[in-house]
Amino acid sequence: MNPSEWFSELSNELWPGQCFSVKVKKVLHEERSKFQDIKIIQSESHGVVLILDGIIQCTERDEFAYQEMISFLPLCCHPNPQRVLIVGGGDGGVAREVAKHPSVLEVHQVEIDERVVELSKQYLPFMACGFESPKLKLTIGDGFEYMKQHEGAFDVIITDSSDPIGPAESLFRESYFELVKRALKPNGIICSQGGSFWLDAGHVRETLDYCRKHFPRVTYGLAAVPSYPTGQIGFFIASLNPETDFREPARKFEDAEIDALGMRYYTSDVHRAAFTLPRFATKALNP
C-alpha cells in the first residue's frame, strides 16, 4: 500500500461484489499482532483510519456516530446503569462515551489485543482518551473468561466487536448470549455490534434468534455510519426485564445536556428513531 494508492475494504465473505475505498495520504503504521493484522492510515477524506484484518473499524470523520449509539442506546434503556462492562473496544471510543453518562460509576473493559490499545493511544488519541477516565478499569484478556469470573456483576454489557469472522466470530453465537446473561445483574441490558441487514439479513436474524433464547426482550437498532458497508450499522439489544421499552429512553437528555456532554449524533429523538426499521427488514428479522 503506497501513499498514492487507495485502500479498498475487500471481503468476499462479508460483502461480496462491493467495497468501500479511501484515498491513502500516508501509512502511519502496519504490523501483525498476536491476534490480527493492524493497519493505521491517514486518509485524504476520512482522517485517521483503523483497519483490522483488512476491515475498517473506525474513521476519524464518522466514528462518533457508532460510538455514541452503541453506548447510549443501552445506557438510556436502563433506568440506572451504574456498572458497565465493555467487551472489546480497544480503540477507546466506547469507553469515552460510556464514561460520559451521569449514572455510570464504574466502567470495566476487557480487550484481548493490547497492541490495539497501545496503537490507538498513539494514533487515535481522540478516541483513546476514553482510557483516561477515572471510572475505567481496563483488563487485557479474554472476554469469555472475564465474564465467567464476574457473574451477576453488571447493569449493562456492551460488546464492541469486529465483524463475525476471525477473532470475533464467537461473539455472535448462542453460547455468547448465554454467557453475557449470566454476567448481568437482574434487569440488565446488553448491546452488541449487529452488522447490516442489507448485507446478510439471514445472519442478523440467526443472531437475534440466538439472543431470543436467553432474553425476554430483544430488538435491533440502527445508526448511520457512512464509512461502514451500506452506510448503516445495526445493534443487537436485549434486556432481562420483560417490561423494557426500547423505543422510549428511560433517561432523556435535553439538547443543552447533549451539547455539554460533547455528543454529536445521539439524542432522545434519534434513540426513538433507531428502532424504526424498513418494512422488509422488520419482516426479515422478526419471528
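If you're wondering where the values come from, they're calculated on a predicted model, not measured in any experiment. As a convention, each chain's residues are numbered from 1 in the sequence order in which they are written. Given that the model is predicted, a residue must reach a pLDDT of at least 70 before its local features are reported, and side-chain atom pairs must reach 80 or more before they are shown or counted; all residues, however, enter totals for whole chains, interfaces and linings. With hydrogens and water set aside, each side-chain value is computed from the structure's full complement of heavy atoms.

### Examining the overall build of the chain
Here is the rule we go by: Put simply, DSSP H or I for four residues or longer makes a helix, DSSP E for two residues or longer makes a strand, and each gets a number counted from the N terminus. Here the globule rule is a power law, 2.2 Å times the number of residues to the power 0.38, and the radius of gyration is based on C-alpha atoms. A simple rule labels every residue: compare its accessible area, found with a 1.4 Å probe on the protein chains alone, to the largest value its type can have, and call it buried under 20%, exposed over 50%, or partly exposed in between. Note on contacts: a residue pair qualifies if any of its non-hydrogen atoms lie within 4.5 Å across the two residues. Reported accessibility uses the Shrake-Rupley method at a 1.4 Å probe radius. Residues are deemed covered only where the shown protein chains occlude them. We treat Lys and Arg as the positive residues and Asp and Glu as the negative residues; His and chain ends play no part in the count. Where a charge lies is defined by one atom per residue type, namely NZ (Lys), CZ (Arg), CG (Asp) and CD (Glu).
Secondary structure assignment for the chain yields ten helices and twelve strands. Relative to its length of 287 residues, the chain is compact, with a C-alpha radius of gyration of 18 Å against a globular reference of 19 Å. By its C-alpha atoms, the chain is 55 × 45 × 40 Å across when sized along the principal axes. Sorting the 287 residues of the chain into buried and exposed places 53% on the buried side. For the chain, restricting intrachain contacts to residue pairs at least 6 apart in sequence, the fraction spanning at least 24 positions comes to 66%. Of the accessible surface of the chain, which amounts to about 12200 Å², a share of 48% is contributed by carbon and sulfur atoms. Taken together, the 30 basic and 40 acidic charged side chains of the chain have centroids lying 3 Å from each other.

### Remarks on the nonpolar core
For the record, the criterion: Definition of nonpolar core: a set of buried residues of the types Ala, Val, Leu, Ile, Met, Phe, Trp, Tyr and Cys, connected through side-chain atoms within 4.5 Å.
Grouped together as the largest cluster of nonpolar side chains are 37 residues, with contacts concentrated most on Leu 73, Val 98, Phe 235, Ile 237 and Tyr 266. Elements with a contribution of two residues or more to this core: helix H1 (63-77), strand S6 (83-88), helix H2 (93-98), strand S9 (154-160), strand S10 (184-193) and strand S12 (232-239). Of the residues forming this core, the biggest block, nine residues, is contributed by H1. Those residues within four positions of Val 98 in sequence are excluded, and the remaining contacts are Ser 71, Leu 75, Val 84, Ile 86, Val 104, Val 107 and Ile 158. In this structure, Leu 85, Phe 154, Val 218 and Ala 238 belong to the second largest nonpolar core, which totals 29 residues.

### Quick look at unusual backbone geometry
The phi torsion at Asn 187 lies on the positive side, around 65°, for a residue other than glycine. As for its position among the elements, Asn 187 is in strand S10. A positive phi angle is found at Thr 230, which is not glycine, with a value near 75°. Its place among the elements puts Thr 230 in the loop between strand S11 (217-224) and S12. With relative accessibility at 34%, the residue Thr 230 sits in the partly exposed group.

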